[in-house]
Amino acid sequence: MSRSCLRRWKLHLLMAERGFHSSAQLSRRLRQTESEIVEMFKLPTSRAEPRTKTLALSRVSKQAHTTRKLDERFIRILKIFKWGPDAEKALEVLMLRVDSWLVREIMKTEIEITTKIQFFKWASKKKNFSHDSSTYMAFVNALEKSGLFGEMWRIIQEMVRNPNCLITQMELIEIIRVLGRAKMVSKACSIFYQIKARKCEPSAHVYNSMIIMLIQEGQYEKVHEIYNEMCNEGFCLPNEVTYNNLISVFAKLGRDNSAMRLFDEMLENQMKLNEKIYTNLISMHFKLGNVDKALSLFKHMKTQSCKPNVFTYTELIRGLGKVGRLEESYDYFIKMQHDGCKPDTIVMNNVINVLCKAGKSNEMIKTFNQMESMNCTPTVVTYNIIIKSLFESSNASESVRWFEKMKEKGIEPTSFTYSILIDGFCKNNKLEKAMMLLEEMDEKGLPFCLPAYCSLINALGKAKRYDTASELFQELRGNSGTGTGTATSRVYAVMIKHLGKAGKLNDALNLFEEMKKLGLEPNKYSYNAIMCGLVKFGQVDQSITVLRNMQESGCEPDINSYNIILNGLAKVGGPYKAMEMLSNMKKGSVKPDRVSYNTVVSAFSRDGKFEEAVRVLKEMNEMGFECDKISYNSVFESIGKVDDD
């Protein structure tokens, strides 16, 4: 718009406000200005068509076109002038009727949200017009799109309180979804119950919307509450969607009895069971270790003419692989293809992982090479599995070759990739290469990787390079991005263990206390490390106190915890003290293992008690533990001492 037009438009408004309509000349000028404004905002026409022809076609179109369409000239005015007297005057000039349709259309247009807010408020004050649920919902959607959640919540409340505003089931569903997306779950529940209180009986679709929203926000107990209301109040009965979502929730929570009860209800009510329900239940049973139940469900699935999909086979292959039933896992991969189900990259990654665990390196590489022909693109996860497997089979050079191959393919290594490589080199005693990789990882700006540091600190400690290990630990401790949690506690535990081995017991104890002050709950590794250090310095009573503290803090000791104390008692208190603890362990929840028995056998052997050593050795065999070199060497040592006597 030209500056002269703008001046004339503003002059027109000023004259209109001051009532200069009495002059005939001015009235003519006003009418002329109105014509100019209308002309200014006419839609563009083709250069090839004469102007008179376009105007004639426009008149014909107005007569013939029955569907309303918001005048683009008015949209332009709103974009330039926002909402105010100028836009209000244009509304009159263009003869646009203020009704629900107009409000909804303006809420949908690409104009500033402030203009929409001002227009909505102005429209609510107009005579012969009041907002209905459709205009409110259009405004709510506009506010959500702009991220104005506070104003959106205020408008929803206003809408619900309005006695003349009848909210439909579909609009209630939309309100629940909008508030769910805005993370206003408690407010969504509040609106749901307010609508219910008005004797509005929610449909199954409304209940399902509530259930889905609560699932997405992880409020699983509330899901169960809503389901019970749905069943008990009798407004509507759960449908397939309800059952599907509830089974998914119970499966995630590992509540197999509840999930299977709902499954049985579906069968009794002859409801249609889909592949998603079966897949969720199969996944649940694998996670709970109910492998046979998972496989039984898969068989049942086929009897119900429900075709397994790629997700179902993924759960079967992964689940069987995790429990070590590797041949069966691979068989399902073959069966999947015979059934016409096309594997995806995730399935192929799981199959490669299964082959890695089975030690079938050739088949692993062959399966990788098949991925391209199956339209499955290898990812960083694929390469990570192969690199880790090659390290575990002591083939470090081949691991490096695959790492380079991965980069050549344009796949960027992640922190986890570097962690695998660093750990692999540490276990192969190639510490300099591991250190170089840590530096490379830092240069690339990858996130701090706790497992990588843990592997390096542990390897350096084993190599008695305590100063370098301490430097790395200080670097890790000083990094603000490490956070807290089990991984950090594990690094502390590793450092405490090596400080103890280095004879720096006070430093180890100080680190243990520092850990607690930082709010890091010591885990079993930390406790075991500090007990190990105390035992090494002959402070067995203090180590027993640490064991009690460990139990009181809710951290369950493992077999290593008891074996550390047992070893200390065997050295300081003698074999009979060790035997007493072994007897107590047999009565407790943590049973002795081979190490426990060998410790007591060694204690009797050192004391020259051949008969007692043999008796413990015999009991060890009876408990199902095979004697190893340590066991026999201890007994031979005992025989030697008897001969010397």
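Residues numbered from 1 in each chain as written. Predicted model: local features only at pLDDT ≥ 70, side-chain atom pairs only at ≥ 80, totals over all residues. Heavy atoms only, no water.

(A) Representation of the overall build of the chain. Scanning the chain for helices and strands turns up 36 helices and zero strands. Sorting the 645 residues of the chain into buried and exposed places 46% on the buried side. Put simply, of all contacts in the chain between residues at least 6 apart along the chain, 60% involve residues at least 24 apart. Accessible surface, the chain as shown: approximately 34,600 Å² in total, 50% of it carbon and sulfur. (Helix = DSSP H or I, 4+ residues; strand = E, 2+ residues; numbered from the N terminus. Buried < 20%, exposed > 50% of the residue type's maximum accessible area, 1.4 Å probe, protein only. Contact = heavy atoms within 4.5 Å. Areas by Shrake-Rupley, 256 points an atom, 1.4 Å probe, with all protein chains shown as cover.)

(B) Just unusual backbone geometry, in detail. Phi is positive for Asn-128, close to 60°, though the residue is something other than glycine. When you line up the elements, Asn-128 lands in the loop between helix H7 (113-124) and helix H8 (133-145). In this structure, Lys-183 takes a positive phi of about 65° despite not being glycine. Assignment of secondary structure puts Lys-183 in the loop between helix H10 (169-181) and helix H11 (185-197). Judged by relative accessible area, which is 59%, Lys-183 ranks as exposed.

(C) Structural context of helix H29 (residues 505-517). Between its first and last C-alpha atoms H29 spans 19 Å; for 13 residues at 1.5 Å apiece the expected length is 18 Å, and the two agree. Taken residue by residue, H29 has Leu-505, Ala-508, Leu-511, Phe-512 and Met-515 as its buried positions. For H29, the arc enclosing every buried residue in end-on projection is 125°, short of the 170-degree limit, so these residues lie on one face. Exposed and facing more than 90 degrees away from the buried side of H29 are Asn-506, Asn-510 and Lys-517. The first or second residue beyond H29 is Gly-519, which carries a positive phi of 85°. (Expected span 1.5 Å × (residues − 1). Arc of directions from axis to C-beta.)

(D) Summary view of the packing of aromatic side chains. With the rule as written, the count across this model stands at 20 aromatic pairs. Centre to centre, the rings of Phe-192 and Tyr-207 are 5.6 Å apart; their planes meet at 70°, and the pair counts as edge-to-face. Taken together, the positions of Phe-192 in helix H11 and Tyr-207 in helix H12 (residues 204-216) put the pair 15 residues apart, joining distant regions of the chain. Among the residues examined, Phe-192 registers a relative accessible area of 0% and is labelled buried. The class of Tyr-207 is buried, set by a relative accessible area of 0%. Judged by centre distance (4.9 Å) and plane angle (80°), the ring pair of Phe-368 and Trp-402 falls under edge-to-face. Of the two residues, Phe-368 sits in helix H21 (residues 361-370) while Trp-402 sits in helix H23 (residues 396-408), which places them 34 residues apart along the sequence. (Phe/Tyr/Trp six-rings, centres within 6.5 Å; stacked < 30°, edge-to-face > 60°.)

(E) Summary view of helix H22 (residues 380-392). The end-to-end C-alpha distance of H22, which contains 13 residues, comes to 18 Å, matching closely the 18 Å that a straight helix rising 1.5 Å per residue would cover. Counting buried positions over the 13 residues of H22 gives 10, a clear majority of the element. For H22, the set of buried residues is Val-380, Thr-382, Tyr-383, Asn-384, Ile-385, Ile-386, Ile-387, Ser-389, Leu-390 and Phe-391. Contact partners of the buried residues in H22: helix H20 (345-357), H21, H23 and helix H24 (415-427). A positive phi of about 60° marks Ser-394, the residue just after H22.

(F) Region of interest: the side chain of Asn-350. Structurally, the position occupied by Asn-350 is in helix H20. Apart from residues no more than four positions distant in its own chain, Asn-350 is found in contact with Thr-314, Ile-317 and Arg-318.

(G) Quick look at the confidence of the model for the chain. Across the chain, the average pLDDT comes to 83, with 85% of residues at or above 70. Ignoring residues within four places in sequence, the model shows residues 1-38, a span with pLDDT below 50, making 33 contacts including any to other chains. (pLDDT = per-residue confidence, 0-100.)

(H) Spotlight on the packing of helix H32 (residues 559-572) against helix H34 (residues 594-606). Running from N to C, H32 and H34 point in directions that differ by 5°, and their axes come no closer than 10 Å. Classified by the interaxial angle, the pair formed by H32 and H34 is roughly parallel. From H32, Ile-559, Asn-563, Leu-566, Asn-567, Ala-570 and Lys-571 reach across to H34, where they touch Val-595, Ser-596, Thr-599, Val-600, Ala-603 and Arg-606. Considering only residue class, the contact of H32 with H34 consists of six nonpolar, four polar and two charged. (Axes fitted to C-alpha atoms, helices over the stretch in contact; angles between N-to-C directions. Parallel < 35°, antiparallel > 145°, perpendicular 65-115°, else oblique. Nonpolar A, V, L, I, M, F, W, Y, C, P; charged D, E, K, R; others polar.)

(I) Expanded view of the packing of helix H33 (residues 575-587) against H34. At a minimum axis distance of 9 Å, the contact between H33 and H34 shows a crossing angle of 160°. On the basis of their axis angle, the class for H33 and H34 is roughly antiparallel. Both H33 and H34 take part in a crossing whose hand is left-handed. Contacts between H33 and H34 involve Pro-575, Tyr-576, Ala-578, Met-579, Leu-582, Met-585 and Lys-586 from the former and Ser-596, Tyr-597, Val-600, Ala-603 and Phe-604 from the latter. Taken together, the residues of the contact of H33 with H34 break down into 10 nonpolar, one polar and one charged. (Left-handed = near helix turned anticlockwise from the far one by under 90°.)

(J) Molecular detail of the side chain of Thr-382. Relative to the elements of secondary structure, Thr-382 occurs in helix H22. Classification of Thr-382 by relative accessible area gives buried; the value is 0%. At 2.9 Å, the side chain of Thr-382 forms a polar contact with the backbone nitrogen of Thr-379. Apart from residues lying up to four places away in sequence, Thr-382 is in contact with Thr-345, Asn-349, Ile-352, Phe-368 and Met-371. (Polar contact = N/O pair within 3.5 Å; in protein donor to acceptor, adjacent residues only side chain to side chain.)

(K) Broad picture of the environment of Pro-522. Within the secondary structure, Pro-522 sits in the loop between H29 and helix H30 (524-536). Overall, the relative accessible area of 9% leaves Pro-522 in the buried class. In this structure, Pro-522 is in contact with Phe-512, Met-515, Lys-516, Tyr-527 and Cys-555, ignoring residues within four places of it in sequence.

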